[in-house]
Amino acid sequence: MKKLIVLGATSGIAQAVQRKAAQEGKELLLVARSAGRLEVLRQDLLVRGAANVLTFAIDLDNIEQHARLIDFAQKNFAGFDTLLLAYGSMLDQTQCDHSGELTAQQLHTDFVSAAALLTAFSDYFESRKGGCIAVITSVAGDRIRRSNYVYGTAKGALTLFLAGLRSRLRGAGVKVITIKPGPVNTAMTAHLENSGRFADPEMVAQDIYRALQRQSPKIVYTPGLWRYIMMAVRAIPEPVFNWLVSRHGPSPARSKKP
Ligand SMILES: NC(=O)c1ccc[n+]([C@@H]2O[C@H](COP(=O)([O-])OP(=O)(O)OC[C@H]3O[C@@H](n4cnc5c(N)ncnc54)[C@H](OP(=O)(O)O)[C@@H]3O)[C@@H](O)[C@H]2O)c1
């Protein structure tokens, strides 16, 4: 890995990955919505040792604008070999429950726009016959829970999509990595009960960075214990699972009390 593009570069998890890349003198192209926040990150990563840091501000929900980003990357960040998709949102499930619009918005950000963007980047990777595409989905996509099922559906759909993309790009020598974190203590989860007990972004970033460098394994659970937790959780029949969740709340997706 020499040249890394990060989609959702202002995310708590992505920032920790970027700091590791900077310390090893990599080149980075940071992508998120806020030009101001990207510039702050750019300056910080240069101080930490990054060889070069470019930024590109864009709302990735806007699929018509994706071509502009890919054009920019090919012209100004030529030869990039690694892509990390880290952007996402987690809307309040209780609001999604009563709003088709919010439900569609959640599915759009975390699945539809991501699938569109990965498809567009895949043509580039296929033609260069190598490189690595890594995408952060979630353990929430492995087993749907009442408390965040729209978010979980989007992540589960993205995980399925990545299995197809991996199969498509295998012949071209392009590695596709699916990253499934358990709950992580970032801005996304700060409002949730017990968020202080969630995994440290640095620990999760360590697992992600190692996978980017090795271009493997295909599926990364992080922290690693989640591989075994989800293996067990997936095996529980739906009625039993729902009974267990209702009996042993509070759910991790429940907001802190005001
Ligand atoms: N935290 C967890 O417990 C957890 C667990 C499993 C999986 N994940 C997944 O891990 C990834 C990173 O999560 P995080 O916790 O680090 O999140 P975070 O700190 O809340 O950051 C979310 C990022 O997504 C970007 N983003 C959201 N919508 C965007 C859009 N339409 N266009 C461009 N950028 C957009 C934000 O950029 P702006 O600066 O533009 O707002 C921000 O960089 C997400 O995909 C999340 O679903 C998180």
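Before any of the text, the structure's been laid out above.
One structure accompanies this document, and this report is about it. (Residues numbered from 1 in each chain as written. Predicted model: local features only at pLDDT ≥ 70, side-chain atom pairs only at ≥ 80, totals over all residues. Heavy atoms only, no water.)

A few words on unusual backbone geometry. Backbone torsion omega between serine 216 and proline 217 reads 0°, so that peptide bond is classified as cis. Considering the arrangement of structural elements, one finds proline 217 in the loop between helix H7 (201-214) and strand E7 (219-222). At the junction of threonine 222 and proline 223, the peptide bond is cis and its omega measures out at -15° in the coordinates. Within the element layout of this structure, proline 223 appears in the loop between E7 and helix H8 (226-234). With a phi angle near 55°, lysine 129 is a residue other than glycine that sits in the positive phi range. Summarising the element assignment, lysine 129 is placed in the loop between helix H5 (100-128) and strand E5 (132-136). Judged by its relative accessible area of 63%, lysine 129 falls in the exposed class. (Helix = DSSP H or I, 4+ residues; strand = E, 2+ residues; numbered from the N terminus. Buried < 20%, exposed > 50% of the residue type's maximum accessible area, 1.4 Å probe, protein only.)

This brings us to the site of the ligand. Within the structure, the ligand sits among 28 residues, and Thr10, Asp59, Tyr151, Val184 and Thr186 are positioned closest to it. Separating an oxygen atom of the ligand from a backbone N or O atom of isoleucine 13 is a distance of 3.0 Å. At 3.4 Å, a side-chain N or O of aspartate 61 approaches a nitrogen atom of the ligand. When residues of the shell around the ligand are traced back to their parent elements, those giving at least two are helix H1 (12-23) and helix H6 (149-169). Partitioned by chemical class, the residues of the shell around the ligand number 12 nonpolar, 11 polar and 5 charged. (Near = heavy atom within 4 Å. Polar contact = N/O pair within 3.5 Å; in protein donor to acceptor, adjacent residues only side chain to side chain. Nonpolar A, V, L, I, M, F, W, Y, C, P; charged D, E, K, R; others polar.)

Right, let's get into the pattern of salt bridges. On inspection of all chains with the given rule, the structure shows 13 salt bridges. A salt bridge links arginine 48 to aspartate 44, with the nearest nitrogen and oxygen atoms 2.8 Å apart. Relative accessible area serves as the criterion here: at 29%, aspartate 44 is assigned to the partly exposed category. Of the charged contacts, one joins aspartate 207 and arginine 210 as a salt bridge, the two residues approaching to 3.5 Å between their closest N and O atoms. You can see aspartate 207 and its partner arginine 210 sitting in helix H7, 3 residues apart, about one turn around the helix. For aspartate 207, a relative accessible area of 17% corresponds to the buried category. Owing to a relative accessible area of 33%, arginine 210 belongs among the partly exposed residues under this scheme. (Salt bridge = Lys/Arg side-chain N within 4 Å of Asp/Glu carboxyl O.)

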